[in-house]
Structures are given as structure tokens and as C-alpha cells.
Protein chains: 2
Amino acid sequence: MNVNVDLGRVMKHQELWLENQICHRLYMASNSVNRAYRPLLDALGLTYPQYVVMMSLWQTDGVMVNELQSTTQIDNGALTLILKKIADKGLISLIPVADDRRKKRVSLTADGKGLQEKAASIPNAIRCRFPSLNDEDSTALKLLLDKLLGDLQGQSDE
Amino acid sequence: MNVNVDLGRVMKHQELWLENQICHRLYMASNSVNRAYRPLLDALGLTYPQYVVMMSLWQTDGVMVNELQSTTQIDNGALTLILKKIADKGLISLIPVADDRRKKRVSLTADGKGLQEKAASIPNAIRCRFPSLNDEDSTALKLLLDKLLGDLQGQSDE
DNA sequence: TAAATTTACTTTGCATGCAAACTAAACTAG
DNA sequence: CTAGTTTAGTTTGCATGCAAAGTAAATTTA
């Protein structure tokens, strides 16, 4: 008695069923998480990608755009606009490097540094939205996502 | 000897570090997966969300738009455009329901049904991109993502 | 050292994702 | 039966994500 024929469906192409796919779950999870962040980030005047950039800078300030790109994995084209926007908000300054005038250094302003205190409560607020995931689950999930990311990163380079 | 101070960073706000976050991994994973699908889906003339809609219809044809929305989790506004586009490609027909003229039934055309054969190889091609994830890992990852999705779904309704 | 190439972004065109406003049809209360 | 409400989709404005073309500066070649 296979559950897959309960509704009289043909047993063909089960790999194409949404319930069987990791990728569709990732798609839904990423969007759901983004929606969960929105109300919290609205209070800071940031979008999620902008928040990711700020987090990266709070951790390591004064980096080149391409370093920020590889850390955050945000698309280059999008990153240009995102940096322009958070620069307009006065959170960062974009300074061309004297050595190599193609490069730009991204540095936090005082306001940008100060925003970290306001953001400090967000990670915990988000974690509380996943009551079903205990610490062990979280660790396991990170590990599995790292495996997946490792696979996908390596391949494009070869 | 804590690895977190290896580079002399202050031990403050570690929750804000990207490496410690599930959400940033989900963001990167979802985008990476989307990029992995692109060359495969280009051959079918579909984008990933369009492919998700087609998969849902291959599994259950002739549903209302709102059923398709809850199955695929694609945004309503986006879904309207996506349905218009795959209808323009001749893969589906959108027929207003006689009972309730607000509703529309989404039905596969012969071409739409035929496309399933061409798509049949995609799930396996994608799975091959994750050599590090064995079957056990895949099952575990699905389970963890389902937990996370369950948490996020329930909350917005309350 | 002049041409070819590479590097570090920027810009452009298209396709979502999302919240919010909007429309039309069906439903409920009085 | 009519006003108010809910439901099913659509439209709109803004912010990415992505591939591809474009730019300017640095590097390598010949």
C-alpha cells in the first residue's frame, strides 16, 4: 500500500514531485526567512541583502568591494546598487583606493557602526521564530547547507 | 583557546557573524541552486519559478490559481505574471470557472504535458551536483527544512 | 612600449519577490 | 433586497538576482 498511489496518481516521474525535492524547500525557506526578517529590518531601514552587507562590515570593516562580494555572495551588479543605497543612508563611505584606482574601500561611518547595537537583538528574535529547531538541529542544518554550498561552489570553477 | 579570537576580533555580537547564521546559508544555497538550474531550464525555455509551476501541474492538473499558490508558495502577484508567460508559451490554458467567475482553472495543454518528458532528467542532473550529500543527508536536510518551514508557516497565521 | 588581456567594478534588460492598493464577484447581515 | 465584507486575482512600485555587455585601470605579452 504505497502512499504515492493513494490518489490514483501514476507512479511516474516521482523525482519531479515538489514534496520530494530539496531545492523547492530551499526556495520556500529562503523566501520565508526573508519575509520573517522584513518587519525587524524595517525598523533599521534595511533590506535583508543590505543587512548582510552591514553584518559583514561589522565583522570586518574597510574591505574592498570584491572581498565583500565573496563574503556575502551577493551578486556583483546588485552589490553596486546596495552599496550606493547604504552609502546614501550615511552608513558607509566608498573610497577609491590610491594604489589601484579600480578598487574601492568600503568603510563604516559612525552611524554605520552605531547601527550594530540596534541590530544586536535581531539574530535572537529570528531564532525564536524556529522553536522546532533545537541547537543540535541548527548545527546539523548548518553542516548540511555547508556541504551543499561546498559542492555548488567548487563546480563552477572547474 | 577560542577560534573566535584567532584574528584578534572582539568577542562581541557573535550572533551577527555571517558564519554563525543559518539564514545567510539559506540565502546563499537558494541562489546557488537557482543558478545551477538555469542552464538546464534554459533548454526548456523556463525559469525556476515557472518550472515549479509546471512540476506542480504535472503532479496535479486542472487546479485553481490559489491552490497552485499554496502548493508552490510563489507570491500571488508574481504567479499572475508567471501563469501569463507560460500560457503565452502554449504550455497551459487559463479558463475562468463557470461556477465562480473570480476563479480560474489552470490546465496543461498537450505541449505542457509533453514537456514533462524533457524535464524528466533534470532532478537527477541536479542531484549529481551535490556529490557530498548522500541519501541520508538528503533525507535529514529535507526534514530540517520542513521543521523550519513548519515554524514559519504557522506563525504568520496566528 | 604598444597591443592584448585581465581585473574591478558598473550598467542594462529581464524575471521574480513582496507589500499594498485595486477590481470584480460572491457572500453575509440586517 | 442592499450595504458591508470576504474572496480570488491583478496591478503597481520598489529591491534584488542574474547574465551579459560596457568601462577604466592595471598587468602581461610580444
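See the structure shown above.
Model, not experiment: these values are computed from the prediction.

Draft legend 1. Focus on the packing of helix α1 (residues 22-42) of chain A against helix α1 (residues 22-42) of chain B. At a minimum axis separation of 9 Å, α1(A) and α1(B) run at an interaxial angle of 135°. It follows from the interaxial angle that α1(A) and α1(B) lie oblique. Helix-helix and strand crossings are classified by hand; for α1(A) and α1(B) the assignment is left-handed. For the pair formed by α1(A) and α1(B), the contact residues are C23(A), L26(A), Y27(A), A29(A), S30(A), V33(A) and Y37(A) on the first element and C23(B), L26(B), Y27(B), A29(B), S30(B), V33(B) and Y37(B) on the second. Residues belonging to the contact of α1(A) with α1(B) are distributed by class as follows: twelve nonpolar, two polar and no charged.

Draft legend 2. Quick peek at the nonpolar core. Of all hydrophobic cores here, the largest spans 90 residues; its most connected members are Y51(A), L148(A), Y51(B) and L148(B). When neighbours within four sequence positions are excluded, Y51(B) is seen to be in contact with L16(A), Q21(A), Y37(B), L41(B), L46(B), W58(B), A119(B), I122(B) and P123(B).

Draft legend 3. Representation of the side chain of D137(B) within the structure. Among the secondary structure elements, D137(B) is positioned in helix α7 (residues 135-157). Those residues within four positions of D137(B) in sequence are excluded, and the remaining contacts are L144(A), K147(A) and S132(B).

Draft legend 4. Representation of the protein's contact with DNA strand C within the structure. Taken together, 25 residues surround DNA strand C, and among them R35(A), R102(A), K104(A), T47(B) and Q50(B) come closest. Sugar plus phosphate, as a fraction of atoms of DNA strand C within 4 Å of the protein: 82%. Separating a phosphate oxygen of DNA strand C from a side-chain N or O atom of T80(A) is a distance of 2.9 Å. Between DNA strand C and R101(B), the relevant distance is 3.1 Å, taken from a phosphate oxygen to a side-chain nitrogen or oxygen of the residue. When contributions to the surface near DNA strand C are tallied by element, the ones reaching two or more residues are α1, α3 (65-72) and α4 (76-88) of chain A together with α2 (48-59) and α4 (76-88) of chain B. Split by residue class, the surface near DNA strand C holds six nonpolar, seven polar and twelve charged.

Draft legend 5. Structural detail: unusual backbone geometry. Within the chain, Q73(A) stands out as a residue other than glycine whose phi angle is a positive 65°. Looking at the secondary structure, you find Q73(A) in the loop between α3 and α4.

Draft legend 6. Structural detail: the protein's contact with DNA strand D. Around DNA strand D sit 25 residues, and of these T47(A), Q50(A), R35(B), R102(B) and K104(B) come closest. Counting only atoms of DNA strand D within 4 Å of the protein, the fraction found in sugar and phosphate groups is 84%. A distance of 3.2 Å is found between a phosphate oxygen of DNA strand D and a side-chain nitrogen or oxygen belonging to R101(A). Contributions of two or more residues to the surface near DNA strand D are made by α2 (48-59) and α4 of chain A together with α1, α3 (65-72) and α4 of chain B. By residue class, the composition of the surface near DNA strand D is six nonpolar, seven polar and twelve charged.

Draft legend 7. Quick peek at the interface of chain B and chain A. Counting from both sides, the interface comprises 63 residues of chain B and, opposite them, 62 residues of chain A. The largest share of the area that chain B buries against chain A comes from L16(B), Y27(B) and Q59(B), three residues that together contribute 12% of it. Counting across the chain B and chain A interface gives four salt bridges. For the side of chain B that touches chain A, the elements supplying multiple residues, two or more each, are α1, α2, α3, α5 (110-119), α6 (122-127) and α7 of chain B. Class assignment of the residues belonging to the side of chain B that touches chain A gives a composition of 33 nonpolar, 17 polar and 13 charged.

Draft legend 8. Region of the structure containing the environment of D100(B). Residues and elements named next belong to chain B. Among the secondary structure elements, D100 is positioned in the loop between β2 (92-96) and β3 (104-108). C-alpha separation for the pair D100 and D61, spaced 39 residues apart in sequence, amounts to 19 Å. A distance of 2.8 Å separates the side chain of D100 from the side chain of R102, its partner in a polar contact.

Draft legend 9. View of the relation of the copies chain B and chain A. It takes a turn of 180° to lay chain B on chain A, together with a shift of 0.0 Å along the axis; the resulting RMSD is 0.0 Å. As the rotation angle and translation indicate, the two copies are arranged about a two-fold axis. A shared interface surface links the copies, since 98% of the contact residues of chain B are contact residues in chain A too.

Draft legend 10. Focus on the pattern of salt bridges. Inspection of the entire model under this criterion finds six salt bridges over all chains. Residues R25(A) and D146(B) are paired through a salt bridge, measuring 2.8 Å at the closest nitrogen-oxygen approach. Pair noted here: R25(A) is in helix α1 and D146(B) is in helix α7, and the two residues belong to different chains. A salt bridge links D137(B) to K147(A); the nearest nitrogen and oxygen atoms lie 2.6 Å apart.

Definitions and limits used
Residues numbered from 1 in each chain as written. Chains lettered and ligands numbered in written order. Predicted model: local features only at pLDDT ≥ 70, side-chain atom pairs only at ≥ 80, totals over all residues. Heavy atoms only, no water. Axes fitted to C-alpha atoms, helices over the stretch in contact; angles between N-to-C directions. Helix = DSSP H or I, 4+ residues; strand = E, 2+ residues; numbered from the N terminus. Parallel < 35°, antiparallel > 145°, perpendicular 65-115°, else oblique. Left-handed = near helix turned anticlockwise from the far one by under 90°. Contact = heavy atoms within 4.5 Å. Nonpolar A, V, L, I, M, F, W, Y, C, P; charged D, E, K, R; others polar. Core = buried A, V, L, I, M, F, W, Y, C linked by side-chain atoms within 4.5 Å. Buried < 20%, exposed > 50% of the residue type's maximum accessible area, 1.4 Å probe, protein only. Near = heavy atom within 4 Å. Polar contact = N/O pair within 3.5 Å; in protein donor to acceptor, adjacent residues only side chain to side chain. Buried area = accessible area lost by both parts, 1.4 Å probe. Salt bridge = Lys/Arg side-chain N within 4 Å of Asp/Glu carboxyl O. Least-squares fit on C-alpha atoms with pLDDT ≥ 70 in both.

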